[in-house]
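Secondary and tertiary structure notes
Here is what each chain is made of, one letter per residue.
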Amino acid sequence: MSKKNQAATEQGKQTKKRTPTFLLELPLQVNESQAARLRAHLEAGGQFYNAVLSQGQKRLRQMRADPAWQQARAIPRAQKQERARAFSTLREQYGFSEYALHEFAKEANCSWIADHVDSMMAQTLATRAYQAVNRVCLGKAKKVRFRSKGRGLDTVENKWNKSGLRFLLHRPEEGWLIWGKDRLPALIDWDDPAVHHGLKHPIKYARLVRRKASSPNARGADAQGYRYFVQLVLEGKPHWKPKHTVGTDVIGLDLGPSTIALVPREGKARLLPLCEELKPDARAKRRLERKLDRQRRANNPHNYDNKGRIKKHGKRRLVWKNSKGYLATKRRLAHKERKLAAHRKGLHGRLVHEIIRRGNIILTEKLSYKVWQKQFGKSVGHSAPGMLIDHLRRTVASTGGTLTEFTTHSTKLSQYCHGCQSYVKKPLSQRWHHCSCGIGPVQRDLYSAWLAAHLDPANTIPSIAHDEWEGAEHVSASQYG
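Figured I'd write up the structure that's included with this text. Quick caveat, the model's predicted, so the values are computed rather than measured. (Residues numbered from 1 in each chain as written. Predicted model: local features only at pLDDT ≥ 70, side-chain atom pairs only at ≥ 80, totals over all residues. Heavy atoms only, no water.)

**Looking at the overall build of the chain**
Each helix and strand counted, the chain has 15 helices and 16 strands in total. Its C-alpha atoms put the chain at 80 × 80 × 60 Å along the principal axes. Nonlocal contacts in the chain, meaning residues at least 24 apart in sequence, comprise 68% of its contacts between residues at least 6 apart. For the chain, the exposed surface amounts to about 28500 Å²; the carbon and sulfur share of it is 51%. (Helix = DSSP H or I, 4+ residues; strand = E, 2+ residues; numbered from the N terminus. Contact = heavy atoms within 4.5 Å. Areas by Shrake-Rupley, 256 points an atom, 1.4 Å probe, with all protein chains shown as cover.)

**Considering the layout of surface pockets**
Sizing a probe to match a water molecule and rolling it over the atoms shows the empty space that remains. Roughly 1800 Å³ of internal volume is contained in the largest pocket. Taken together, 41 residues form the lining of the largest pocket, with Leu 23, Leu 24, Lys 345, His 391 and Arg 394 sitting closest to its centre. Looking at the lining of the largest pocket, the elements with two or more residues in it are strand E1 (21-27), helix H7 (193-198), strand E6 (203-212), strand E7 (226-235), helix H9 (324-358) and helix H12 (385-398). In terms of residue count, the dominant contributor to the lining of the largest pocket is H9 (10 residues). For the lining of the largest pocket, the class distribution of residues is 13 nonpolar, 14 polar and 14 charged. The wall of the second largest pocket is formed by 30 residues, among which Lys 149, Gly 150, Arg 151, Lys 212 and Tyr 226 lie closest to the centre. Of all the secondary structure elements, the ones that give two or more residues to the lining of the second largest pocket are helix H2 (32-65), E6 and H9. (1 Å grid on protein atoms, 1.4 Å probe; cavity = no way out; pocket = protein on both sides within 12 Å on 5 of 7 lines; lining within 4 Å. Points joined across faces, edges and corners; volume = space filled by probe spheres on them. Nonpolar A, V, L, I, M, F, W, Y, C, P; charged D, E, K, R; others polar.)

**Some points on the sheet that holds E1**
Strand order across the open sheet formed by 4 strands is E1-E7-E6-E2, with antiparallel pairing between neighbours. Across the chains shown, the open sheet's two edge strands, defined by having one partner strand only, are E1 and strand E2 (155-157). Sheet twist, expressed as the mean angle between neighbouring strand axes with direction ignored, is 20 degrees. Inspection of the sheet shows E6 paired to E7 by 9 bridges, in the antiparallel sense. Of the residues in E7, the one forming a bridge with Ala 206 is Leu 232. (Pairing = 2+ DSSP bridges. Axes fitted to C-alpha atoms, helices over the stretch in contact; angles between N-to-C directions.)

**Overview of the environment of Asp 115**
Of note, Asp 115 is situated in the loop between helix H5 (98-108) and helix H6 (119-137). Of the residues examined, Asp 115 reaches a relative accessible area of 62% and is grouped as exposed. Each C-alpha atom of the pair Asp 115 and Ala 44 lies 9.0 Å from the other, and the pair is 71 residues apart in sequence. (Buried < 20%, exposed > 50% of the residue type's maximum accessible area, 1.4 Å probe, protein only.)

**Some thoughts on the packing of aromatic side chains**
To describe a pair of aromatic rings, one takes the distance between the centres and the angle between the planes. Per the counting criterion, the structure on display carries 6 aromatic pairs. Measuring from ring centre to ring centre gives 5.1 Å for Trp 69 and Phe 87, while their planes differ by 70 degrees; the resulting arrangement is edge-to-face. Residue Trp 69 is found in helix H3 (residues 67-74), and its partner Phe 87 is found in helix H4 (residues 80-94); the two are separated by 18 residues along the sequence. With respect to class, Trp 69 is no different from Phe 87; both count as buried. Aromatic pair Tyr 369 and Trp 372: ring centres 5.5 Å apart, planes at 85 degrees, arrangement edge-to-face. Taken together, the residues Tyr 369 and Trp 372, both in helix H10 (residues 369-375) and 3 residues apart, mark about one turn of the helix. Neither Tyr 369 nor Trp 372 differs from the other in exposure class; each is buried. Across the ring face of Phe 229, the terminal group of Arg 211 is positioned such that the distance to the ring centre comes to 4.8 Å. Here the guanidinium or amino end of Lys 412 rests over the ring plane of Tyr 423, the centre of that ring lying 4.7 Å away. (Phe/Tyr/Trp six-rings, centres within 6.5 Å; stacked < 30°, edge-to-face > 60°. Lys NZ or Arg CZ within 6 Å of the ring centre and 35° of its normal.)

**Description of a positive patch on the surface**
The grouping of Arg 135, Lys 140, Lys 142, Lys 370 and Lys 374 at the surface amounts to a positive patch. Position of Lys 374 among the secondary structure elements: in helix H10. In this structure Lys 374 comes out as exposed when scored by relative accessible area, which is 76%. (Patch = residues over 30% accessible without salt bridge, like charges linked within 9 Å, V, L, I, M, F, W, Y side chains within 5 Å. Salt bridge = Lys/Arg side-chain N within 4 Å of Asp/Glu carboxyl O. Lys, Arg positive; Asp, Glu negative; His and termini not counted. Charge placed at Lys NZ, Arg CZ, Asp CG, Glu CD.)

**Some points on the nonpolar core**
Counting residues in hydrophobic clusters, the biggest one holds 52 residues, and the most contacted among them are Leu 26, Leu 177 and Leu 208. Residues within four places of Leu 26 in sequence aside, it is in contact with Phe 167, Ala 186, Leu 187, Ile 188, Val 195, Phe 229, Val 230 and Leu 232. (Core = buried A, V, L, I, M, F, W, Y, C linked by side-chain atoms within 4.5 Å.)

Laid out in structure tokens, this is it:
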């Protein structure tokens with residue numbers, strides 16, 4: 001092989017350089033004819049996604065039916081390379097991979113679908129379908145969900161900004177989302193510093209998002225009550241407001257389903273409720289849910305027994321009638337849920353910046369939020385602690401800090417007492433730590449967060465001196481807000 005060809009081969013083997021990425025969302029102005037074409041595009045995209053998803057399921061069933069699948073599963077997990085090689089051979093044999101589904105997408109993207117979905121978008125939809133089926137294959141999901149007409153495809157994206165679905169910007173005030181023959185103008189507020197900062201960065205690709213409005217008469221909605229937005233995936237770092245300063249302290253966190261304890265090594269300890277400001281929104285949502293249930297019962301009395309329970313129907317499906325009032329309430333409820341989610345996200349962002357203002361070295365326990373969903377479903381659904389940690393992880397990384405999560409099986413901070421260096425189990429109802437060695441009384445969550453702040457990630461026992469506790473005891477025991 002010549003030196004030139006060898007250099008080209010080595011260059012091709014190099015991994016693609018990863019660059020920081022952030023999102024900017026802009027609303028779109030869409031008239032009725034454009035909205036009709038967008039609905040047709042999304043419907044075709046949904047049908048194409050279902051076809052690829054069905055093909056992925058078919059290949060997964062064939063692969064699992066092969067006796068070699070059970071033989072691969074029988075390989076001990078300690079033999080990682082041999083086990084991975086066996087599954088990799090099966091995936092290659094049955095074409096169960098992302099790029100194999102890309103090849104199927106080339107064949108499926110023909111006839112009338114090609115008029116709506118270009119080749120690049122077909123690849124992104126095939127990737128989404130593969131990721132859904134692969135979750136079932138890995139045991140992370142029980143089944144896939146096809147896109148029905150009622151639950152259609154609401155987002156599509158491209159892989160670059162050179163052809164197909166793309167965003168064109170004409171300074172100082174104009175920008176369009178191009179899809180096919182349509183040019184959809186975007187509403188750009190150049191006085192917004194976040195928008196001004198984002199549009200100065202290169203665009204990697206664009207994503208179209210469709211959301212339901214509260215009613216077809218809502219501002220910016222089409223005849224069927226949808227609003228359209230463009231999400232620009234930009235290269236670089238997001239806008240950072242000057243008021244958001246970054247501290248240098250080490251902070252211990254103890255996160256609960258509805259509370260969070262913050263204890264820096266230097267400074268005040270705080271025990272805060274999560275998303276307390278969402279209570280009025282949650283009550284309004286609950287009223288709409290009760291109204292929706294009353295309307296459904298009034299429209300379908302034959303589907304309920306004498307005790308008000310839904311009748312058992314066996315293999316025969318019940319027929320449900322939906323009135324116009326029921327559909328209007330359902331749309332209002334969906335709109336309220338979107339507003340509540342946006343409000344929750346804003347509260348998470350405010351809390352994250354409050355934490356980083358004190359320090360960007362965060363120590364906390366690694367928790368299973370799926371288990372919390374089963375045990376504390378209402379609280380977790382209300383405050384979304386897992387989303388808070390994800391938001392904190394991203395923001396800390398953008399500041400150059402670190403977020404370390406350590407396992408609870410080895411540390412067991414809620415059971416540990418640094419005074420006598422022993423572990424004592426406490427029921428969840430016991431909210432105070434009080435040990436016979438003289439430590440306490442101190443609020444349990446604050447004490448766990450304080451232990452986390454003094455934990456060496458390489459060690460399972462907090463590195464704490466009694467002098468540090470004497471200086472922090474009155475703070476941890478008395479600060480709650």
